[in-house]
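This is what each chain is made of:
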Amino acid sequence: MRANRWRRFSDWDERPLRLDRFAAEDAENGFAAFSSPADPEPHVAVEAGRIAGMDGVAEADFDMIDRFIARYHLDPEIASEAMAMPSPEIARMLVDMTVPREALVRLAHGMTPAKLAEAVAELNALEIAFAYSKMRARKTPGNQAHVTNAKDDPLQLAADAAIAVALGFDEIETTMRVSRNAWSNAVACCVGAAVGRAGTLFQCSSEEAEELQIGMAGFSSYAETVSVYGTEKSFVDGDDTPWSKAFLAAAYASRGIKMRCTSGAGAELLMGFHERKSLLYLEARCLCLQRAMGVQGTQNGGIDGAPLTATVPGGMRELMAENLIAVWLDLECASGNDARPTESEIRVGAKIMPYLIAGSDLICSGFGSILKYDNSFNPSLLNGEEIEDYLVLQRDFEADGGLTPIAEEDALDLRVRAIDAISAVFEELGLAAPTAEMKGSVAAASGSADTESFTPREVVAISEAIRARGITVVDVIRALDARGFRQEAENLLQLVKLRISGDYLQTSAIVRDGRVISAINDPNDYLGPGTGYRVDEARRAEIAAIRDVLTRETVIDQEEEYARKAATGLRLKTMGPAGRGEDPREVTVGISPAFGRKLFRTLGGLALSDVLSEIVAGIAEGGGTARLVRMGHTADTSFLGLSAARLSGSGVGIGLQAKGTAVIHHADRLPHNNLELFSNAPVTRLEHYRQLGFNAARHAAGEIPDPVVVPTRGEAMGARYHARAALIHAVETSLVGDGAAPEDIALDPEGPST
Amino acid sequence: MTERLTAQDYPIAEKRPELARGRQGKGLDEITLDALGRGAVALEDLTITADALRRQAEIARSANRPTLAENFERAAELVDVPQDVVMAVYELLRPGRAKSAQDLVEAAAMLRETYGADRMAAFVEEAADVYERRGLFAFRF
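For chain B, the name recorded in an unreviewed UniProt entry is Glycerol dehydratase, with Kaustia mangrovi as its organism.

You'll find chain A entered in an unreviewed UniProt entry as Propanediol/glycerol family dehydratase large subunit, with Kaustia mangrovi given as the organism.

This is the structure:
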C-alpha cells in the first residue's frame, strides 16, 4: 500500500519554525525585499547648483519626502559625481578595506535613495555584514535594553534597571502598560540606572509631548520614538510630516536630549501605503530623510515591521542592508534586533550573529533585559530568558556584544540596593511607602508574576503625583542624598550634568566610565585586519567570565567530594607486576591510571565500584575468570584493551577508562580494530557493563556473541559532557608514566585503595 | 563666539571645560551634590544653552556633518522658546492642524519676532509652501 505521507513532514510540523508563516514574493502588493518593478531608476538632475529632479521625478512633481531629501540631504556638488559612478563599483568600495569610510560617506551625500538601494543590493549577506562593520560610525560597539514590567511596578523597574546597567547596556528604554504611569516608570528607571555606575542613558517611550516633558524634568536623556516613513501617505497617516518631525528633532536638541529617529522596512506595508515599491527602496528614502533632518542617528532595521519583513524571501538580508545604508549615511544605528520575528530559536540565533560579529552602535534597539511576558514593547529578539545564551555567543566568537556577565551574588545585592533607593526616594518625597514584604518579593523575583508589590492602580497615583507636583530630577537627587544614597545621587547628577556641554548630542554618543564617546572622539577607523575595534585583553577576560566554568581543579574537587560522600566502596589493592596469564578462560580487565585513585564515577554518574562488580559478575556468568590489571603506560581505551588482552590467558581483554568508556579486545588484533567498543559512556548503564563482561567471556570461549547495543539518540555526544570528559581525561593522562608496567590489583573491600 | 571649534575640542566637558556653563553661568565644577543640597543649584543650571548648541554645531560641521550642524543651529534658536510655544508650533506643523498656509506663516513670524528664531521661521515658512502644494491643509479630524 502506498503511504500518503513521508512521516518526516509530520516531525517537521512539530518544530517551532512551523509556527512562523511565510509570504510569497509579490511586488505588486508590496511583498518584495530588494527590488520591485515600481522602484525608480537612480537619477539626479542638477541645474544651477540646485536639485531639479531625483529618481525619475521632476522637481515640480516632488512629494514632501522628495522635496525634503532634495533640499536638505543631497549635496549638488557631489551628486553628479556620485550618481555617475556604476553601482557595482561603489559596492566594491564598500567592501574594499583600503577605501576609507570617509570617502564613502562623502559619496553618500550625493546619492539618491534609489542609488543607495541599488548599490547595497549588489552585496550578499556576508558582504553587507562586513561593509556594516567598516561603515558604522562609532568604533566601540554598544547595546540597548528594554526595562519594563507587566505591572509597571516601580520597585521592579528600579531593580531591573540596575541589572541592565550591571550587564553593560549603554542605554535603557522603558514604556508603560498604562500610559499614565510614564512619570513613575521614568523616576524608577532613572534611579535604578544610577545604582552601580554612572552614565547609562535612559529613555521613557511615551506620547511625544509627554516624553519631551519627562526629558525636560531631567529624568530621561534620550528619545527614539520619532518615526518617519517612506511614502507621503504613510507619513501623513502617521500624523506627521518631514517638517513637523524635523521641528521635533530641533526641539529635543534644544532641551539637551539625545535623539534618533525610527524607521524600518515593512512600516509602509503595514500601513497600506507602499506604492508597490520594494522594502529597501522605501527604507532608503526614510534614511535619506533622517540625515536631511539633521538627526544624529536612527533606530532602524525593521523595528516593528521586522516580523513582517522576515516573512518574504531575503527579508533578513534586507534588514541588514537597510542598516548598512543608515551607517553609510553616517547615522548612529540602533540596529533593530528588537521585535521577535520568529518562533524558531535557530532563526533567532542566526539573526543576531552578523550584528554580534560586525558590531553596531547599539546592537539591539531593545534587548529584552526582562522576561518576555514583562516586555511591554512585546517580546524582543532576545529577552531575559536568553541573556546567558547571548553572553556565551560573545565568548564563543570573542565578539563584543556590549554585555558583561554578572556574578550571581552581585546581582541580588544590586537589586536590593536599587529597591531600597527607589523606596527611599518615594518615602522622602511622600509618594509611597513600600513595605519590607513588597521589597523582598521584588528582589528575588525573576519577573512580575513572582512579586507582591504595587498594583497598577497604586502606580497611577504615584505617577500622577510626580507629574502634578512638578517633581524633577533635582528633587530626586536631593532625596537620594538625604537618605544616604550618596553614590547614586552623584551618579545621577553626573548624567544630568552631561547636558550642559551637549557632548552627547553628537553622532553615536554613549557614556563609558563617565566619559562621552562618540563618532567624533571614537571614530570607526577600520582599514583591514588589526584596525578598527578589537577586543583587547581586559575586555576579552570580561567576556570570557561567564558563570559555572569547569576547571581541572573543580573536576578533581568534585570527584574527591563524591568519593568522600558516596563512600564508593571501591577498594583496590596493588598486588605487584602483572605477567601473562595461563588460564584459557581468563579475561583481563585493564583499568586506567586514575581509575579509583582520583576518579570515582563514569560520565553517566555510575560508581566505578559498581561498574567493576558488574563486569566481573558478567565474566563469571559467561564462564570466564576475571583478572584486574591497572595500566600505567596509557589511558587510551584501545591500548588499555589491547594491553589487557595481551596479558590475558585467553587473549581476550577489556579496557576500561574511569569515565566509563570500555572496549573488548583481542591480543591478535590491531589497536583500533577491537571486538566491541562502548564509546557512549554517558548513556551506558550497569546492565550494559554486565553484558560486556559476559560477551568478553564468550569471546574467550571462541564464540561470536551478539554485540551489546547501548541505545542512544545522540545525547551521549551532548555538549554538556565535552569539557568534563576532556578534563577527566587530562587527569588520567597526568598519571601516565612512560614504560610504566601493568600491575595486578585485587578488589579489597576492607583495605584502603593503593 | 569668534573662535570656531573643531573635532579637536571635543568632548567640550573634557577638552574645553571652561566653555561648558549652565543657563545661569555656573561652571561644571560649581555644580556639585553639596551645592545642589544647599539649594545653590537648580534644574535651570542643568539645561543646555544656545551657545553650547552652536559650539556642537561647529564641531559637527568640522566632522563633515552639515545637516546635523543645521539641526543644532535650529535647536539653538529654540532654547529660550517656552515649552508650550514649542509644542504649539509642533502641533501646527502636523497634518491638517493648520487650516491654511496663513496659520504657519503667522507662527513663523512669531518665532522670528518674539524669539529671533530666523532659521526656524524660514523652516516653518517653507513647510507652509510645501503643505500648500501637497494639499495638507485638508480636514483630518
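Having seen the structure, we can now continue with the description.
Draft legend 1. View of the domain arrangement of chain A. Considered domain by domain, chain A is made up of domain 1 (27–123), domain 2 (135–543) and domain 3 (553–747). Distance from the C-alpha centre of domain 1 of chain A to the C-alpha centre of domain 3 of chain A: 71 Å.

Draft legend 2. A look at the domain arrangement of chain B. Residues and elements named next belong to chain B. Along its sequence, chain B is organised into domain 1 (1–79) and domain 2 (81–140). Inter-centroid distance (C-alpha atoms) of domain 1 to domain 2 is 28 Å. Across the boundary between the two partners, domain 1 contributes five residues, which contact seven residues of domain 2. Summing the contributions of domain 1 and of domain 2, the shared interface buries around 680 Å²; its carbon and sulfur component is 60%. Among the residues of domain 1 in contact with domain 2, Arg-74, Glu-77 and Leu-78 are the three that bury the most area, contributing 83% of the side total. Linking domain 1 to domain 2 there are one salt bridge. Ionic pairing is found between Glu-73 and Arg-119, a salt bridge with its closest N-O pair at 3.1 Å. Applying the counting criterion to the domain 1 and domain 2 interface returns five residue pairs in polar contact (both at pLDDT 80 or more).

Draft legend 3. Representation of the UniProt feature "domain: Diol/glycerol dehydratase large subunit" (unreviewed entry) in chain A in the model. The UniProt record annotates "domain: Diol/glycerol dehydratase large subunit" (unreviewed entry) at residues 5–551 of chain A. A helix fraction of 47% and a strand fraction of 9% characterise residues 5–551 of chain A, whose end C-alpha atoms lie 49 Å from each other.

Draft legend 4. Spatial organisation of unusual backbone geometry. The omega torsion across Tyr10(B) and Pro11(B) is -5 degrees, close enough to zero to call that bond cis. Assignment of secondary structure puts Pro11(B) in the segment before α1 (12–15). Of note in the backbone geometry, Asn337(A) takes a positive phi value of approximately 50 degrees without being a glycine. Among the structural elements, Asn337(A) can be located in the loop between β10 (332–334) and α17 (345–358).

Draft legend 5. Structural view of the side chain of Arg630(A). All names here are of chain A. Among the secondary structure elements, Arg-630 is positioned in strand β16 (residues 625–630). For the buried Arg-630, no salt bridge exists, and the shortest N-O distance to an oppositely charged side chain is 6.0 Å, to Glu-743. From its side chain, Arg-630 meets the backbone oxygen of Ser-592 in a polar contact 3.0 Å long. Of note is the side chain of Arg-630, whose polar atom sits 2.9 Å from the backbone oxygen of Phe-595.

Draft legend 6. Highlighting a negative patch on the surface. Residues and elements named next belong to chain A. Together, Glu-408, Glu-409, Asp-410 and Asp-413 give the surface a local cluster of negative charge. With respect to the element layout, Glu-409 can be found in helix α19 (residues 408–428). According to the relative accessible area criterion, Glu-409 is exposed, its value standing at 55%.

Draft legend 7. The state of the cysteines, seen in detail. Residues and elements named next belong to chain A. The full count for this structure, using the stated rule, is zero disulfides over all chains. Of the cysteine sulfurs around Cys-204, a residue in no disulfide, the closest is that of Cys-189, at 7.5 Å. Look at Cys-204 and you get buried, because its relative accessible area is 1%. No disulfide involves Cys-364; its nearest neighbouring cysteine sulfur is the one of Cys-333, lying 12 Å away. Overall, Cys-364 belongs to the buried group, its relative accessible area being 0%.

Draft legend 8. Quick peek at the environment of Gly142(A). Residue and element names in this part refer to chain A. When you line up the elements, Gly-142 lands in the loop between α7 (125–135) and β4 (144–146). Taking the C-alpha atoms as reference points, Gly-142 and Glu-343, 201 residues apart in sequence, are found 26 Å from one another. Discounting chain neighbours no more than four positions away, the residues touching Gly-142 are Asp-170, Ser-360, Asp-361, Leu-362, Ile-363, Gly-401 and Arg-512.

Draft legend 9. Just the packing of aromatic side chains, in detail. Scanning the model with the defined rule gives 15 aromatic pairs over all chains in all. One aromatic cluster in this structure is built from Phe68(A), Tyr72(A), Trp243(A) and Phe123(B). In this structure, Arg317(A) packs its charged tip against the face of Phe34(A), placed 3.8 Å from the ring centre.

Draft legend 10. Layout of the interface of chain B and chain A. On the chain A side, the residues contacting the 63 residues of chain B number 69 residues. Between chain B and chain A, the buried area comes to about 5600 Å², and carbon and sulfur atoms account for 60% of it. Interface area lost by chain B to chain A is led by Tyr10(B), Leu33(B) and Arg65(B), which between them contribute 13%. Counting across the interface, chain B meets chain A through eight salt bridges. When the shortest N-O distance is used, the salt bridge between Asp239(A) and Arg94(B) registers 3.9 Å. Our enumeration of links across chain B and chain A arrives at 32 residue pairs in polar contact (both at pLDDT 80 or more). With nine residues, helix α4 (residues 66–78) of chain B is the largest single contributor of residues to the side of chain B that touches chain A. Residue composition of the side of chain B that touches chain A, by class: 40 nonpolar, 10 polar and 13 charged.

Draft legend 11. How the structure looks around the nonpolar core. Among the nonpolar cores identified, the biggest contains 220 residues, and Phe219(A), Trp328(A) and Val476(A) are the most heavily contacted of them. If you look at the next biggest cluster of nonpolar residues, it comprises 39 residues, including Ile654(A), Ile664(A), Phe678(A) and Ile728(A).

Draft legend 12. Up close: the packing of helix α26 (residues 608–621) of chain A against helix α28 (residues 686–700) of chain A. Residues and elements named next belong to chain A. Look at α26 against α28: their axes get within 6 Å of each other, and the N-to-C directions meet at 35 degrees. Note that α26 runs across α28; the crossing there is right-handed. Judged by residue contacts, Asp-610, Val-611, Glu-614, Ile-615, Ala-617, Gly-618, Ile-619 and Glu-621 of α26 engage Leu-686, Tyr-689, Arg-690, Leu-692, Gly-693, Phe-694 and Ala-697 from α28. Residue classes in the contact of α26 with α28 are distributed as nine nonpolar, two polar and four charged.

Draft legend 13. How the structure looks around the pairing of strand β6 (residues 201–204) of chain A. Residues and elements named next belong to chain A. Of the two faces of β6, both are covered, the one formed by Leu-201 and Gln-203 as well as the one formed by Phe-202 and Cys-204. In terms of strand pairing, strand β5 (residues 171–174) meets β6 through four bridges, oriented parallel. Paired with Ile-172 across the strands is Phe-202, a residue of β6. Viewed along the sheet, the connection from β5 through helix α9 (residues 182–192) into β6 turns out right-handed.

Draft legend 14. Spatial organisation of helix α4 (residues 87–95) of chain A. Residue and element names in this part refer to chain A. Of the residues making up α4, those classed as buried are Ser-87, Ile-90, Ala-91, Met-93 and Leu-94. What you see down the axis of α4 is that its buried residues fit within an arc of 155 degrees, all on one side. Contacts from the buried residues of α4 go to α3 (76–84), α5 (101–108), α6 (113–121), α7 and α16 (315–328).

Draft legend 15. View of the pairing of strand β17 (residues 652–656) of chain A. Residues and elements named next belong to chain A. Taken across its five residues, β17 has five buried, putting it largely inside the fold. Burial along β17 is two-sided: Val-652, Ile-654 and Leu-656 and Gly-653 and Gly-655, pointing in opposite directions, are all buried. The sheet contact formed by strand β15 (residues 586–591) and β17 spans five bridges and is parallel. What sits directly across from Thr-588, in β17, is Gly-653.

About the cut-offs
Residues numbered from 1 in each chain as written. Chains lettered and ligands numbered in written order. Predicted model: local features only at pLDDT ≥ 70, side-chain atom pairs only at ≥ 80, totals over all residues. Heavy atoms only, no water. Domains from an automatic or database assignment. Contact = heavy atoms within 4.5 Å. Buried area = accessible area lost by both parts, 1.4 Å probe. Salt bridge = Lys/Arg side-chain N within 4 Å of Asp/Glu carboxyl O. Polar contact = N/O pair within 3.5 Å; in protein donor to acceptor, adjacent residues only side chain to side chain. UniProt positions renumbered as here; feature names shortened; annotations may be inferred. Helix = DSSP H or I, 4+ residues; strand = E, 2+ residues; numbered from the N terminus. Buried < 20%, exposed > 50% of the residue type's maximum accessible area, 1.4 Å probe, protein only. Lys, Arg positive; Asp, Glu negative; His and termini not counted. Patch = residues over 30% accessible without salt bridge, like charges linked within 9 Å, V, L, I, M, F, W, Y side chains within 5 Å. Areas by Shrake-Rupley, 256 points an atom, 1.4 Å probe, with all protein chains shown as cover. Charge placed at Lys NZ, Arg CZ, Asp CG, Glu CD. Disulfide = S-S within 2.5 Å. Phe/Tyr/Trp six-rings, centres within 6.5 Å; stacked < 30°, edge-to-face > 60°. Lys NZ or Arg CZ within 6 Å of the ring centre and 35° of its normal. Nonpolar A, V, L, I, M, F, W, Y, C, P; charged D, E, K, R; others polar. Core = buried A, V, L, I, M, F, W, Y, C linked by side-chain atoms within 4.5 Å. Axes fitted to C-alpha atoms, helices over the stretch in contact; angles between N-to-C directions. Left-handed = near helix turned anticlockwise from the far one by under 90°. Pairing = 2+ DSSP bridges. Right-handed = clockwise from strand over helix to strand, strands pointing away. Arc of directions from axis to C-beta.

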